Structures are given as structure tokens and as C-alpha cells.
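# Notes for the structure review
Each chain is listed here by its residues.
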Amino acid sequence: MKSCLIVIDFQNDFINGSLGFKKAEKLIEPIAEKIKLYRSSNDDIIFTYDTHYKNYAETQEGKKLPVAHCIKNTHGHMLNAEIEALRHPSDKCFEKCTFGSDKLFDYLRKTPYKNIELCGLVSNICVISNAVICKTAQPETPIQVDINCTSSFNEELNKAALAIMESIQIELIGQKEK
């Protein structure tokens, strides 16, 4: 049985675009290395894309977070170029218009894995949402998040999200930065 790496929303708008932050840029290399590691083991890699449209301001999210981001067919919607270069046509990709992906849930219900690891952005929003989806879809599969491959624009929210994930039996791996 294979393992699976899920790269959550590692898109330009979250790295250096409309919702970008400095710590996100520091994740490019560790996430690239993680993808190469999984690829070398012939494991599965899945990418999620936060996906909005021109009517974003009219949506519930747009009203609560009035910063247009990840608008389909824009540079901000695309994966970071270094990460995109590592994506293969055979990798599963799921667009989602909210924090968690129902398509990811449906896929995981049908596709058992030895373990599932998540990385990407943003830890306290989409990473935690999709980690819960993974745990729900495969309750007996170990779910992991590498603390060196996720972050938030707010360090307190990042710490809180990691603590909550750990409390619901999602294993935190990696070592804290010094």
C-alpha cells in the first residue's frame, strides 16, 4: 500500500501575492524536497487549489475576507513555479472553493493509504480543514503534518492550529526551527 503527500494550496497568492507572507516563501524548498522524497518512493502526490471566481466579493468568504485571491486563470491561482515544475500530469489535483475539499474526501474514501502527510498553506485555515477531512475519510490511517512545511501569517494561530491537530490525533512531524 502506498503513502500519500497532499500539498495544500501552495499557490502564488498565498506565497507572495495578495495574501502572501514571508514565512510562506521559506517553505518552497522544504516542500520541494518533500515532493521529491515521495516521488522517489513512487508514492502518490495530491495538490489542492484554492479556487475563486470574479464574483469572490459576493461570496460568504469574500464578505468576511475582502481580499481577492486565487481567482481562477490568474497568476495568483497557479502553484509556485518551483513546485509546479515537480507536479506530474498523473498527480491528482482538486480545486476547492472553500477551506476543505469535498472532492479530496470522496477520493480518500475510495483510495486507502498506508499514511497521509499534509503540507502547504495556510496551517490554521486550509491545512487544518483538510487534515480533518483526511482523518474523517480514513480514521485508521496515520495522518501527519510536517511543522516545517506549513505556516500561517499569524504565528499564534499557527501554534493553535498545530496544537488542535495534535489533539485530534494528527501526528506533527519535523523539528522546530532554531
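Refer to the structure printed above.
All figures in this text were calculated on a predicted structure; none of them were measured in a lab.

Attention now goes to the overall build of the protein chain. The helix and strand tally for the protein chain stands at eight helices and six strands. Relative to the 2.2 N^0.38 estimate, which gives 16 Å for 178 residues, the radius of gyration of the protein chain is 15 Å and therefore close to what a compact globule would have. Taking the principal axes of its C-alpha atoms as reference, the protein chain extends roughly 40 × 35 × 30 Å. Relative to its 178 residues, the protein chain shows a buried fraction of 50%. Counted over contacts in the protein chain with a minimum sequence separation of 6, partners at least 24 positions apart contribute 78%.

Let us now look at the packing of helix α7 (residues 123–137) against helix α8 (residues 155–167). At a closest axis distance of 9 Å, the pairing of α7 and α8 adopts a crossing angle of 15 degrees. Comparing the axis directions of α7 and α8 gives the class roughly parallel. The element α7 and its partner α8 pack so that their crossing is right-handed. Contacts between α7 and α8 involve S123, N124, V127, I128 and A131 on the former and, on the latter, L157, N158, A161, I164 and M165. A per-class count over the contact of α7 with α8 returns seven nonpolar, three polar and no charged.

Next up on the list: the sheet that holds strand β6 (residues 171–173). Taking strand neighbours across the sheet as the criterion, the six strands line up as β3-β2-β1-β4-β5-β6 in an open arrangement whose pairing is parallel. Strand pairing shows two members of the sheet lacking a second neighbour, β3 (92–96) and β6, which therefore form its edges. For this sheet, the mean angle separating the axes of adjacent strands, direction not counted, is 25 degrees. Of the strand pairs in this sheet, strand β5 (residues 143–151) and β6 are connected by three bridges, and their pairing is parallel. Following the sheet pairing, V145 is matched in β6 by L172. Of the strands in this sheet, β1 (4–8), β2 (44–50), β3 and β4 (116–121) touch helix α6 (residues 102–110), which is tilted by about 145 degrees from β3.

Looking now at α7. The first and last C-alpha atoms of α7 sit 19 Å apart over 15 residues, in line with the 21 Å expected at 1.5 Å per residue. Extensive coverage of α7 is indicated by the burial of 11 of its 15 residues. Within the sequence span of α7, burial applies to S123, N124, C126, V127, I128, N130, A131, I133, C134, K135 and A137. Here the buried face of α7 lies against β1, β3, α6, β4, β5 and α8.

This part covers the packing of α6 against α7. Between α6 and α7, the shortest axis-to-axis distance is 9 Å and the interhelical angle comes to 30 degrees. One finds that α6 runs roughly parallel with respect to α7. The crossing of α6 and α7 is right-handed. Facing α6, whose interface residues are L104, F105, L108 and R109, α7 presents N130, I133, C134, T136 and A137. When the residues that make up the contact of α6 with α7 are grouped by side-chain class, the tally is six nonpolar, two polar and one charged.

Between its first and last C-alpha, helix α3 (residues 28–40) extends 18 Å over 13 residues, near the 18 Å set by a 1.5 Å rise per residue. Within α3, burial applies to I28, I31, A32, K34, I35 and Y38. Taken around the axis of α3, the buried residues stretch over an arc of 160 degrees, which confines them to a single face. What points out from α3, more than 90 degrees from its buried face, is the exposed set L37 and S40. Just past α3, the residue N42 takes up positive phi, approximately 60 degrees.

Analysis parameters
Residues numbered from 1 in each chain as written. Predicted model: local features only at pLDDT ≥ 70, side-chain atom pairs only at ≥ 80, totals over all residues. Heavy atoms only, no water. Helix = DSSP H or I, 4+ residues; strand = E, 2+ residues; numbered from the N terminus. Rg over C-alpha atoms; globule rule 2.2 N^0.38 Å. Buried < 20%, exposed > 50% of the residue type's maximum accessible area, 1.4 Å probe, protein only. Contact = heavy atoms within 4.5 Å. Axes fitted to C-alpha atoms, helices over the stretch in contact; angles between N-to-C directions. Parallel < 35°, antiparallel > 145°, perpendicular 65-115°, else oblique. Left-handed = near helix turned anticlockwise from the far one by under 90°. Nonpolar A, V, L, I, M, F, W, Y, C, P; charged D, E, K, R; others polar. Pairing = 2+ DSSP bridges. Expected span 1.5 Å × (residues − 1). Arc of directions from axis to C-beta.

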